[in-house]
Amino acid sequence: MLQQLPQMLILDALVREQGFSAAARRLGVSKSYISKQLAQLEANLGAQLVQRTTRRFALTELGEAYARYCRDLTALAQEADAMVAERQGRVSGVLHLGVGQSFGHLHVVPRLQESQRRYPEIELEISLFDHSSNLVDEGLDLWITTVEEKPEGLVGQRLADIGFVLAASPDYLLQHGAPQTPQELHQHNCITYQSRERRYDQWHFRHGRERQTVQVSGNYRVDLAEAVRDAALAGLGIAYIADYLLDDELRQGRLIPLLPEWTPSQKMAVHAVYARREHLAPKIRHFIDFLKVEFGHPPYWALRQSPWLNRLSASAE
């Protein structure tokens, strides 16, 4: 049994790296050593775990099940090392981070240099994607996401709230005019976000105690949030844009906020999602705390929009 423990760690590296050469580089050993240890593990278990071909690496069905235990063993060993390091005043380990594509590109990746300055012993491996993740199958420690529904067994911490702005370009408004009420959006070409998992073609508004939801439509639907903003900038229609996507477009007049008396009331937040565990690994906990401080409360992307939205509201009174 003791002999199999390092072999299980080797199998986990094989799965993570999807190849013998890459796993050998990761572990700092030879490719032949990896092959011998895997063969010995299979001999001890009396079962084939890996299908070997010259072109691809693949687990057998039994190998996939066994690899989950190897992943848990690796995570536990890393957490034990991290606990010792933290008590000695250091935070270390490899942080496998998944981030929503648009939000990550604009607000997480630009902060990684500061993160590594503060925690130089944390190694970051980052995947940018917009699909829902259960973390375990993708080998992630932490998922920064705006997805509302979280897979079973995962927990999350709210990092920041996201607001929305209804806006269009000056060119679009010159050609088509501006809506005066939410219901007039039916007369306009509306740009919508639509992916395999989410569809935002119902836009929510509030005016005092009054609430309205409008089912919008248009000839441009896209599965990348940044592309919604870019389409609005290009004059393709009216968009319901998450405020984290906006920088100086309102200040420069490249986008014009609409319906000043009606506030977009769609609810969305950024969450840090991780597997439920008795003790949260220090590398995860410190990175979450880092992002909370960096984003602020309210988040900095909301504050940079407020002067222009407040000015619009004042002019409408």
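Residues numbered from 1 in each chain as written. Predicted model: local features only at pLDDT ≥ 70, side-chain atom pairs only at ≥ 80, totals over all residues. Heavy atoms only, no water.

Asks: Honestly, the side chain of T60 in this entry has me stumped. Any pointers?
Replies: Relative to the helices and strands, T60 resides in the loop between β2 (57-59) and α4 (61-87). Residue classification places T60 among the buried positions, given a relative accessible area of 11%. Looking at T60, its side chain comes within polar contact range of the main-chain oxygen of Q48, at 2.9 Å. Discounting residues that sit within four places of it in the chain, T60 has contacts with Q48, L49, V50 and Q51. (Helix = DSSP H or I, 4+ residues; strand = E, 2+ residues; numbered from the N terminus. Buried < 20%, exposed > 50% of the residue type's maximum accessible area, 1.4 Å probe, protein only. Polar contact = N/O pair within 3.5 Å; in protein donor to acceptor, adjacent residues only side chain to side chain. Contact = heavy atoms within 4.5 Å.)

Asks: Would you mind showing me how to read the nonpolar core here?
Replies: Burial of nonpolar side chains together is a common tendency in soluble globular proteins. In terms of nonpolar packing, the biggest core is built from 62 residues, with L142, I144, L166, L185, W203 and F205 touching the most fellow members. Ignoring any residue separated from it by four or fewer positions in sequence, one finds W203 in contact with L166, L185, C190, I191, T192, Q212, T213, V214, V216, I238, A239 and Y240. Ranked by size, the runner-up nonpolar core spans 19 residues in total, among them A24, V50, Y66 and C70. (Core = buried A, V, L, I, M, F, W, Y, C linked by side-chain atoms within 4.5 Å.)

Asks: Would you take a moment to explain unusual backbone geometry for this structure?
Replies: Only a minority of non-glycine residues have a phi that is not negative, and only a minority of peptide bonds are not trans. Cis rather than trans, the peptide bond between H297 and P298 has omega equal to -5°. You will see that Q18, though not glycine, has its phi angle at about 55°, which is positive. Topologically, Q18 is positioned in the loop between α1 (4-17) and α2 (20-27). Residue classification places Q18 among the partly exposed positions, given a relative accessible area of 49%. The phi dihedral of L259 falls on the positive side, at around 50°, and the residue is not glycine. Relative to the elements of secondary structure, L259 occurs in the loop between β14 (256-257) and β15 (263-264).

Asks: Explanation requested: the pattern of salt bridges in the structure shown.
Replies: In a structure, side chains of opposite charge can pair up when their charged atoms sit close to one another. The final tally for this structure, using the stated rule, is 14 salt bridges. A salt bridge links R118 to E294, with the nearest nitrogen and oxygen atoms 3.3 Å apart. One end of the pair, R118, is in helix α6 (residues 112-118); the other, E294, is in helix α9 (residues 282-295), with 176 residues separating them in the sequence. Residue classification places R118 among the partly exposed positions, given a relative accessible area of 36%. Residue class for E294 comes out partly exposed when judged on its relative accessible area of 23%. Between R251 and D248 there is a salt bridge whose closest N-O contact spans 3.5 Å. (Salt bridge = Lys/Arg side-chain N within 4 Å of Asp/Glu carboxyl O.)

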